[in-house]
Amino acid sequence: MSMPPGTHTLDEMFLCLWDVAQGLHCDALIHGNELSTHLREAHGIHGPDNRRVFCLWESCNREFNKESLARHVEEIHLRIAYKCDCGRIFSRRDTLNRHKRNEQH
């Protein structure tokens, strides 16, 4: 089973569309698997996991605990999908991992 149209993998490169000032985006090229590091180092997203932060990806402005921000950007903005060896596809890594534990993959 192939990936659904419009979805991506963590191995791909992405243009960072985090708002930086006056309608401009960061525009850095980042690997999907380096998103958390980029958010921390380039955009100051650090501190305790329960710290409240806003998603500034293309003016999303949704508020999250810091621990949920990268997962939100992966799922909603980058449309990253995770494929199990059995062929099922998940929009979140934690859901794939739970599936693997429950299905004994």
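Everything here concerns the structure above.
As the structure is a computational prediction, the values presented were derived from the model and not from experiment.

In this structure, Trp18, Leu35, Trp57 and Leu69 are the most contacted members of the largest nonpolar core, which totals 22 residues. Those elements that place two or more of their residues in this core are helix H1 (35-43) and helix H2 (66-77). In terms of residues, this core owes the most to one element, H2, which gives 3 residues. Apart from residues no more than four positions distant in its own chain, Leu35 is found in contact with Ile30, Trp57, Ala70, Val73, Glu74 and Leu78.

What follows covers the layout of surface pockets. Size it by volume and the largest pocket reaches roughly 300 Å³. As for the largest pocket, its lining consists of 16 residues, and the residues nearest its centre are Ser36, Lys66, Glu67, Ala70 and Arg71. When contributions to the lining of the largest pocket are tallied by element, the ones reaching two or more residues are H1, H2 and helix H3 (93-103). Residue classes in the lining of the largest pocket are distributed as 5 nonpolar, 3 polar and 8 charged.

Moving on: the environment of Cys60. Position of Cys60 among the secondary structure elements: in the loop between strand E5 (52-54) and strand E6 (63-65). Separated by 42 residues in sequence, Cys60 and Trp18 have C-alpha atoms that sit 9.2 Å apart. Once residues within four sequence positions are removed from consideration, Cys60 is found in contact with Cys55, His72 and His77.

Further remarks concern the pattern of salt bridges. If the charged atoms of two oppositely charged side chains come close together, the side chains can form a pair. Here the structure, examined in full by the defined rule, presents 4 salt bridges. With its nearest N and O atoms 3.8 Å apart, the salt bridge here joins Glu74 to Arg93. Of this pair, Glu74 sits in helix H2 while Arg93 sits in helix H3, and the two are 19 residues apart along the sequence. For Glu74, a relative accessible area of 11% translates into the label buried. For Arg92, the salt bridge is made with Asp94, and the minimal N-O distance between the two is 2.8 Å. According to the relative accessible area criterion, Arg92 is partly exposed, its value standing at 26%. The class for Asp94 is partly exposed, based on a relative accessible area of 30%.

Cut-offs applied
- Residues numbered from 1 in each chain as written.
- Predicted model: local features only at pLDDT ≥ 70, side-chain atom pairs only at ≥ 80, totals over all residues.
- Heavy atoms only, no water.
- Core = buried A, V, L, I, M, F, W, Y, C linked by side-chain atoms within 4.5 Å.
- Buried < 20%, exposed > 50% of the residue type's maximum accessible area, 1.4 Å probe, protein only.
- Helix = DSSP H or I, 4+ residues; strand = E, 2+ residues; numbered from the N terminus.
- Contact = heavy atoms within 4.5 Å.
- 1 Å grid on protein atoms, 1.4 Å probe; cavity = no way out; pocket = protein on both sides within 12 Å on 5 of 7 lines; lining within 4 Å.
- Points joined across faces, edges and corners; volume = space filled by probe spheres on them.
- Nonpolar A, V, L, I, M, F, W, Y, C, P; charged D, E, K, R; others polar.
- Salt bridge = Lys/Arg side-chain N within 4 Å of Asp/Glu carboxyl O.

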